Amino acid sequence: MHSPATPSGLIGVFDSGVGGLSVLRALRARLPGTPLLYLADSGYAPYGDRTVEDVTQRSARVIEHLLQQGACMVVIACNTATTLAIGDLRARWPQVPIVGVEPGVKPAVLRTRNRRIGVLATRRTIASERLQRLLQDHAAACEVTLQACPGLVDAIESGMLDDEGMFGLLGEFCAPLQAAQVDTVVLGCTHYPFVADLIRRWMGPDVQLVDTADAVAERTAAVWQGLATAPSGPVSTRLQTTGEPVLLSRLAARWLGIEQPAERVCL
Ligand code: DGL
């Protein structure tokens, strides 16, 4: 276990892969000039097909690494790791603020007009007790269609974003939501905002998509401002991956305008 880092450190952010870049984008917009270290655990993606123990152990290994690199707070930019492991991770590092991301059920309930909501997420998130609790607490008055999307994280990790194959794959997952006539779709995995345009093509322009990246950035900013003093070193966003640095660098340049290449790390 590590001692708490000093408040002049950085914010460590991680996901099973490139998906958490959607959260990183919101963090950079909400906290400009704040040092951020993003770790894509692409070598171990997808988390959504792993056991709870695997995801917990893997997330712990990644957090250990982020703390060694100077993180004084951690953002789990992954619904699956949050859903399965955040309780254990907070118990292991009680002195480190850990912010997670969960499917945006509550905002979806506020936005739906016909009380029909769809949730797209990984198999693990869809099957989790935590999601069941969120639904019971906030969506009891709505008809909710849950749809797991096996293979979607892999397809995004492989970089086939603009492919017609990706559009076809999304059609399978959107069909039950169309049949249920949902007017609001929760993007319950941080990878999915990067295929939001294709989901919109299937669902039509009147269906609203809910992504919680801005809410997570807001929460992170509130915690960080309670912790932080001005950063001392050069301020930048660093990118690391346990997978292929070329993919992370390419997507970070395309989506976030980050030109600095990603480094490969072995954990
Ligand atoms: N971005 C992760 C999430 O939000 C994907 C999990 C996975 O690797 O299956 O759940």
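Given the structure is predicted, the values throughout are model-derived calculations rather than measurements.

Next up on the list: the site of the ligand. The local shell around the ligand holds 13 residues, among which Ser16, Tyr47, Gly48, Thr80 and His191 are the closest. Separating a nitrogen atom of the ligand from a side-chain N or O atom of aspartate 15 is a distance of 2.9 Å. Residue threonine 190 places a side-chain N or O atom 2.8 Å away from a nitrogen atom belonging to the ligand. Look at the ligand: alone it shows 290 Å² of surface, and the protein chains cover 99% of it. Its residues assigned to classes, the shell around the ligand comprises five nonpolar, seven polar and one charged.

It is worth spelling out unusual backbone geometry at this point. Residue proline 46 is bonded to the preceding alanine 45 through a cis peptide linkage, with omega at -5°. Within the secondary structure layout, proline 46 lies in the loop between strand 2 (36-40) and helix 2 (52-68). For glutamine 181, which is not glycine, the phi dihedral falls at a positive 55°. Inspection of the secondary structure assignment puts glutamine 181 in the loop between helix 8 (164-179) and strand 7 (184-187). Judged by its relative accessible area of 51%, glutamine 181 is exposed.

The full count for this structure, using the stated rule, is three cavities of 30 Å³ or more. Approximately 70 Å³ is the volume found for the largest cavity. Residue contributions to the lining of the largest cavity peak at three residues, all from helix 7 (residues 152-157). Of the residues belonging to the lining of the largest cavity, the class tally is six nonpolar, three polar and three charged.

This paragraph deals with the packing of aromatic side chains. Per the counting criterion, the structure on display carries two aromatic pairs. When the centroid spacing of 4.5 Å and the interplanar angle of 15° are considered together, the rings of phenylalanine 167 and tryptophan 202 count as stacked. Linking phenylalanine 167 in helix 8 with tryptophan 202 in helix 9 (residues 196-203), this pair joins segments that are 35 residues apart in sequence. Looking at phenylalanine 167, the relative accessible area reads 15%, which means it is buried. Judged by its relative accessible area of 28%, tryptophan 202 falls in the partly exposed class.

A separate point is the layout of surface pockets. Where empty space is left can be seen by rolling a probe of water-molecule size over the atoms. Of the pockets and cavities examined, the largest pocket occupies roughly 430 Å³. Broken down by element, the residue count for the lining of the largest pocket peaks at four residues, all from helix 10 (residues 213-227).

So, on to the sheet that holds strand 8 (residues 208-210). Spatially, 6-5-7-8 is the arrangement adopted by the four strands of the open sheet, whose pairing is parallel. In this open sheet, the two strands that pair with only one neighbour each are strand 6 (143-148) and strand 8. Ignoring strand direction, the axes of neighbouring strands in this sheet form an average angle of 20°.

On to the side chain of aspartate 41. Tracing the sequence through the fold places aspartate 41 in the loop between strand 2 and helix 2. Given the relative accessible area of 0%, aspartate 41 is considered buried. Non-local contacts of aspartate 41, meaning those with residues more than four positions away in its chain, are made with Asp15, Ser16, Gly17, Tyr47, Arg58, Val62 and Thr242.

Rules used throughout
Residues numbered from 1 in each chain as written. Predicted model: local features only at pLDDT ≥ 70, side-chain atom pairs only at ≥ 80, totals over all residues. Heavy atoms only, no water. Near = heavy atom within 4 Å. Polar contact = N/O pair within 3.5 Å; in protein donor to acceptor, adjacent residues only side chain to side chain. Areas by Shrake-Rupley, 256 points an atom, 1.4 Å probe, with all protein chains shown as cover. Nonpolar A, V, L, I, M, F, W, Y, C, P; charged D, E, K, R; others polar. Helix = DSSP H or I, 4+ residues; strand = E, 2+ residues; numbered from the N terminus. Buried < 20%, exposed > 50% of the residue type's maximum accessible area, 1.4 Å probe, protein only. 1 Å grid on protein atoms, 1.4 Å probe; cavity = no way out; pocket = protein on both sides within 12 Å on 5 of 7 lines; lining within 4 Å. Points joined across faces, edges and corners; volume = space filled by probe spheres on them. Phe/Tyr/Trp six-rings, centres within 6.5 Å; stacked < 30°, edge-to-face > 60°. Pairing = 2+ DSSP bridges. Axes fitted to C-alpha atoms, helices over the stretch in contact; angles between N-to-C directions. Contact = heavy atoms within 4.5 Å.

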